[in-house]
Amino acid sequence: MAEEKKICVYICKGCGIGEALDIDKIKEAVESEYNVPVKVHEFLCGADGVNLIKNDISNEGVNAVVIAACSPRVKQDVFDFGENIIVERVNLREGVVWTHEPNDENTQMMAEDYVKMGVV
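A brief look at the structure comes next. (Residues numbered from 1 in each chain as written. Predicted model: local features only at pLDDT ≥ 70, side-chain atom pairs only at ≥ 80, totals over all residues. Heavy atoms only, no water.)

**A look at the sheet that holds strand E3 (residues 64–69)**
- Pairing is parallel across the open sheet formed by four strands, whose spatial order is E2-E1-E3-E4. The sheet is open, and its two edges are formed by strand E2 (38–41) and strand E4 (86–91), each paired on a single side. The mean inter-strand angle of the sheet, taken between neighbouring strand axes irrespective of direction, is 20 degrees.
- Examined bridge by bridge, E3 and E4 share six bridges and lie parallel to one another. Among the inter-strand pairings, Val 65 is bridged to a residue of E4, identified as Val 87.
- The strands touched by helix H5 (residues 105–119) within the sheet are strand E1 (7–12), E3 and E4, with E4 carrying the most contacts at an inclination of about 165 degrees. (Pairing = 2+ DSSP bridges. Helix = DSSP H or I, 4+ residues; strand = E, 2+ residues; numbered from the N terminus. Axes fitted to C-alpha atoms, helices over the stretch in contact; angles between N-to-C directions. Contact = heavy atoms within 4.5 Å.)

Okay, structure coming up:
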């Protein structure tokens with residue numbers, strides 16, 4: 001029998017993401033719609049950010065990680081938590097904040113939709 005997914009969403013505020021989006025609104029939207037925890041970190045690919053995720057995997061039983069940060073084409077080694085952990089990457093940096101108007105209603109909605117799609 002397959003193990004039930006325990007999802008946690010991690011949103012990075014680095015690389016201009018936190019300045020261009022209302023991260024709290026994204027967090028609230030995802031938590032209320034999908035009833036999954038969302039954690040925000042200043043620099044998710046740094047040692048503290050990676051340890052946050054690893055601790056949740058070890059101590060909270062998280063086995064499906066949604067990382068809302070930079071492109072999935074980069075930092076693949078940093079966000080590899082082993083073959084038993086599902087990792088979904090949501091490209092907020094290049095796909096949203098670096099290519100759309102910062103602090104704009106449409107940019108915000110796009111970011112929220114991208115993270116929601118990552119959860120699904």
